[in-house]
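What the coordinates show
Residues per chain, in single letters:
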Amino acid sequence: MPELPEVEVVRRGLERWTAGRTVAAVTTLHPRAIRRHANGPADFASLLTGRTLAAARRRGKYLWVPLDDEQHALVGHLGMSGQLLIQPPDAEDETHLRIRISFTDGGTELRFVDQRTFGGLAVEPLVDDGAAGLVPHSVAHIARDPLDPLFDDRAFLTALRAKRTGVKRALLDQTLISGVGNIYADESLWRAKLHGEHPADRITKPRATTLLDAARAVMTEALAVGGTSFDSLYVNVNGQSGYFSRALNAYGQAGQPCPRCQTAIQRIAFMNRSSYFCPRCQPLPRRRDAQRGVGQ
DNA sequence: CATAGATCCTGTATGC
DNA sequence: TGCATACAGGATCTAT
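Described in the following lines is the structure provided in the data block. (Residues numbered from 1 in each chain as written. Chains lettered and ligands numbered in written order. Predicted model: local features only at pLDDT ≥ 70, side-chain atom pairs only at ≥ 80, totals over all residues. Heavy atoms only, no water.)

Summarising burial for strand 5 (residues 82–87): six of the six residues are buried, a large majority. Burial along strand 5 is two-sided: Gly-82, Leu-84 and Ile-86 and Gln-83, Leu-85 and Gln-87, pointing in opposite directions, are all buried. Sheet analysis places strand 5 next to strand 7 (residues 109–114), joined by six bridges and oriented antiparallel. When the sheet's bridge partners are listed, Gln-87 is paired in strand 7 with Glu-109. (Buried < 20%, exposed > 50% of the residue type's maximum accessible area, 1.4 Å probe, protein only. Helix = DSSP H or I, 4+ residues; strand = E, 2+ residues; numbered from the N terminus. Pairing = 2+ DSSP bridges.)

The following block contains the structure:
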């Protein structure tokens, strides 16, 4: 599913294929795809039509394209199955085509395709976000991602170690650190040899630092691989191609030997989904009394 | 306020 | 063959 590296690949495709082009028409085929847009499909189309698109930007799993009115941006989130495709106008409609955006040059269209409709597009006002400049309203409330040069490592480590919850849940909290989803959370925890249910407020500073380094490394490596896989007329988007070629150490590997110690990777239920981990490399710490005060 | 759990959605895979 | 169930899982809403 699209997490930070996959979304970054999409951003690059968008930047390449839509920057500088002017919107001719917008068709919303499924209202749910713009449920985040405040005033419905007609307003969505009217705010976009005639606008020229700037270079796409990204924070975490959010994408946005500033408009030339300098007050709004087209914001996108892929959810779990969303795709942004660049297609010739005469290409047959995809089964799950939700939104079509055509351009005044008569060239390729931008299509939002989404089977499960957890993703969507919206036009939002830009708001001031300090050093980051102007960002869309819905982006302002999430944290920077670890590949952002302005990501504040120290602030993150402090906030993480103040959370009274399991470390995996904290990693998935987009207001602490953005861009990490279920797959990269499991991979990061495996690398850092931490159990996902390890209480966040009982992780020592060095181990928390190791975890952040692991998250950054795994997403950087995935981006390097995912970036190789799109062809000219098809802005790859759901990350599937990159995803399959990636080497996963824990995620989805239930029953497979841990690449470090050969113990079988275990799957457990977590937040209506799954967590994968090595029970030997990533043991759950003992009860709090034994550890109280350690690492403080 | 912080945290935990339910919910949205649809296609695919599996079990009986 | 057909039906039921589990699963995939981001973000958000509701409950505690």
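From this point on, the discussion continues.
Every residue lining DNA strand B is accounted for by Arg-32, His-96, Gln-115, Arg-116, Thr-117, Phe-118, Lys-163, Arg-164, Thr-165, Arg-169 and Asn-272. Here, DNA strand B places atoms within 4 Å of the protein, and 54% of those atoms are sugar or phosphate. Contact between DNA strand B and Lys-163: a phosphate oxygen at 2.6 Å from a side-chain N or O atom of the residue. Note that a phosphate oxygen of DNA strand B is positioned 2.6 Å from one of the side-chain N or O atoms of Thr-165. Split into classes, the residues belonging to the surface near DNA strand B amount to one nonpolar, five polar and five charged. (Near = heavy atom within 4 Å. Polar contact = N/O pair within 3.5 Å; in protein donor to acceptor, adjacent residues only side chain to side chain. Nonpolar A, V, L, I, M, F, W, Y, C, P; charged D, E, K, R; others polar.)

Interhelical geometry of helix 1 (residues 4–18) versus helix 7 (residues 205–226) gives an angle of 40° and a closest axis separation of 8 Å. On the basis of the axis angle, helix 1 is oblique to helix 7. Taken as a pair, helix 1 and helix 7 cross one another with a handedness that is right-handed. Between helix 1 and helix 7, the contacting residues are Leu-4, Pro-5, Glu-8, Val-9 and Arg-12 on the first element and Met-219, Ala-222, Leu-223 and Gly-226 on the second. Grouping the constituent residues of the contact of helix 1 with helix 7 by class yields six nonpolar, one polar and two charged. (Axes fitted to C-alpha atoms, helices over the stretch in contact; angles between N-to-C directions. Parallel < 35°, antiparallel > 145°, perpendicular 65-115°, else oblique. Left-handed = near helix turned anticlockwise from the far one by under 90°. Contact = heavy atoms within 4.5 Å.)

Surveying the vicinity of DNA strand C reveals 19 residues, the closest of which are His-77, Met-80, Arg-116, Phe-118 and Tyr-251. One of the side-chain nitrogen or oxygen atoms of Lys-61 is found 3.3 Å away from a phosphate oxygen of DNA strand C. In terms of residue count, the dominant contributor to the surface near DNA strand C is strand 11 (residues 273–277) (three residues). Grouping the amino acids of the surface near DNA strand C by side-chain chemistry returns six nonpolar, seven polar and six charged.

With that out of the way, let us pick up helix 4 (residues 153–160). Turning to helix 4, its buried residues number three or more, namely Phe-156, Leu-157 and Leu-160. Looking straight down helix 4, one finds its buried side chains confined to an arc of 100°; they lie on one side. Those residues of helix 4 that are exposed and aimed more than 90 degrees away from the buried face are Arg-154 and Thr-158. Next to the buried residues of helix 4 lie helix 5 (167–171) and helix 7. (Arc of directions from axis to C-beta.)

Where helix 4 meets helix 7, the closest approach of the two axes is 10 Å, and the angle between their N-to-C directions is 120°. It follows from the interaxial angle that helix 4 and helix 7 lie oblique. By crossing handedness, the relation of helix 4 to helix 7 is classed as right-handed. On helix 7, the residues that touch Asp-153, Phe-156, Leu-157 and Leu-160 of helix 4 are Ala-208, Thr-209, Leu-211, Leu-212 and Arg-216. Looking at side-chain class alone, the contact of helix 4 with helix 7 contains six nonpolar, one polar and two charged residues.

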